[in-house]
Amino acid sequence: MITRIVQLPIVPNSEDGIAFEALFDHYKKQIAGAEGCMNVKLLASSNCYFTYSIWEAEKYLEAYRHSAVFAEVWPQTKALFTGKASAWTCDELHSETA
């Protein structure tokens, strides 16, 4: 299992932030429904957004990154950036739930 964390340089509560949240809301079910996607979340800090997604394996993330949905959503998202995005793909080592 892997977790993908993407830091998106879009300011929450700004005009672009509101547009991005609407974009995410429109596509979230399609993203979450991609083969191998177990969960997708949108998080916000004071100056940027993060997407946090969990995938069964990296091959499913890569398949999503080459999908028609990604080809639609990424250019629209990238147009709202105020800088460069950062991304991390992390292997799950330990997990605990209450």
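Bear in mind the structure is a predicted one, so any value in this text is a computation, not a measurement. Numbering of residues starts from 1 in each chain and follows the order in which that chain's sequence is written. The predicted nature of this model means local features are confined to residues of pLDDT at least 70 and side-chain atom pairs, given and counted, to a pLDDT of 80 or more, with totals for whole chains, interfaces and linings taken over all residues. Water and hydrogen atoms were dropped before computing side-chain values, which therefore reflect all heavy atoms in the structure.

Asks: What exactly am I supposed to notice about the environment of Ser67 here?
Replies: Segments assigned H or I by DSSP are reported as helices when at least four residues long, segments assigned E as strands when at least two residues long, and all are numbered from the N terminus. On the secondary structure map, Ser67 appears in the loop between helix H2 (58–65) and helix H3 (68–78). Ser67 sits 43 residues away from Phe24 along the chain, and the two C-alpha atoms are 16 Å apart.

Asks: Any chance you could explain the state of the cysteines here in plain terms?
Replies: Where two cysteines share a covalent bond between their sulfur atoms, that bond is called a disulfide. Any cysteine sulfur atom paired with another within 2.5 Å is treated as part of a disulfide. Scanning the model with the defined rule gives 0 disulfides in all. The thiol sulfur of Cys48 is not disulfide-bonded, and the nearest other cysteine sulfur, from Cys90, lies at 16 Å. Of the cysteine sulfurs around Cys90, a residue in no disulfide, the closest is that of Cys37, at 15 Å. Accessibility expressed as a relative area gives 31% for Cys90, which makes it partly exposed. Partly exposed describes any residue whose relative accessible area lies between the buried limit of under 20% and the exposed limit of over 50%, with all areas from a 1.4 Å probe on protein chains only and scaled to the type maximum.

Asks: Just to check I follow, could you spell out the environment of Asp91 for this structure?
Replies: Following the sequence through the fold, Asp91 ends up in strand E4 (residues 86–91). Through-space distance from the C-alpha of Asp91 to that of Ile2 is 4.6 Å; in sequence the pair is 89 residues apart. Excluding its chain neighbours within four sequence positions, the residues that come into contact with Asp91 are Met1 and Ile2. The contact criterion used throughout is that any non-hydrogen atoms of two residues lie within 4.5 Å.

Asks: Explain unusual backbone geometry to me, please; I cannot follow it from the model alone.
Replies: Backbone phi values are negative for most residues with the exception of glycine, while trans is the configuration of most peptide bonds. Phi is positive for Asn13, close to 70°, though the residue is something other than glycine. Among the structural elements, Asn13 can be located in the loop between strand E1 (2–8) and helix H1 (15–32).

Asks: Would you mind showing me how to read the nonpolar core here?
Replies: Nonpolar side chains in soluble globular proteins tend to be buried together. Residues Tyr27, Ile31, Ala34, Trp55, Tyr64, Val69 and Val73 are the most contacted members of the largest nonpolar core, which totals 13 residues. Elements with a contribution of two residues or more to this core: H1, H2 and H3. Leave out the neighbours within four places in its chain, and Tyr27 touches Val69, Glu72, Val73 and Gln76. Residues belong to one nonpolar core when they are buried, are Ala, Val, Leu, Ile, Met, Phe, Trp, Tyr or Cys, and are joined through side-chain atoms within 4.5 Å. Ile10, Phe24, Tyr49 and Phe81 belong to the second largest nonpolar core, which has 8 residues in total.

Asks: Quick question: what am I supposed to make of the pairing of strand E3 (residues 49–55) here?
Replies: The side chains of a regular strand alternate, first on one face of the sheet and then on the other. Burial analysis of E3 places 5 of its 7 residues in the buried class, which makes it a mostly covered element. Strands are treated as partners if at least two bridges between them are detected by DSSP. By the bridge criterion, 7 bridges tie E1 to E3 in an arrangement that is antiparallel. Within E3, the position partnered with Thr3 by the bridge is Ile54. Relative to E3, strand E2 (residues 37–44) is paired through 7 bridges, and the arrangement is antiparallel.

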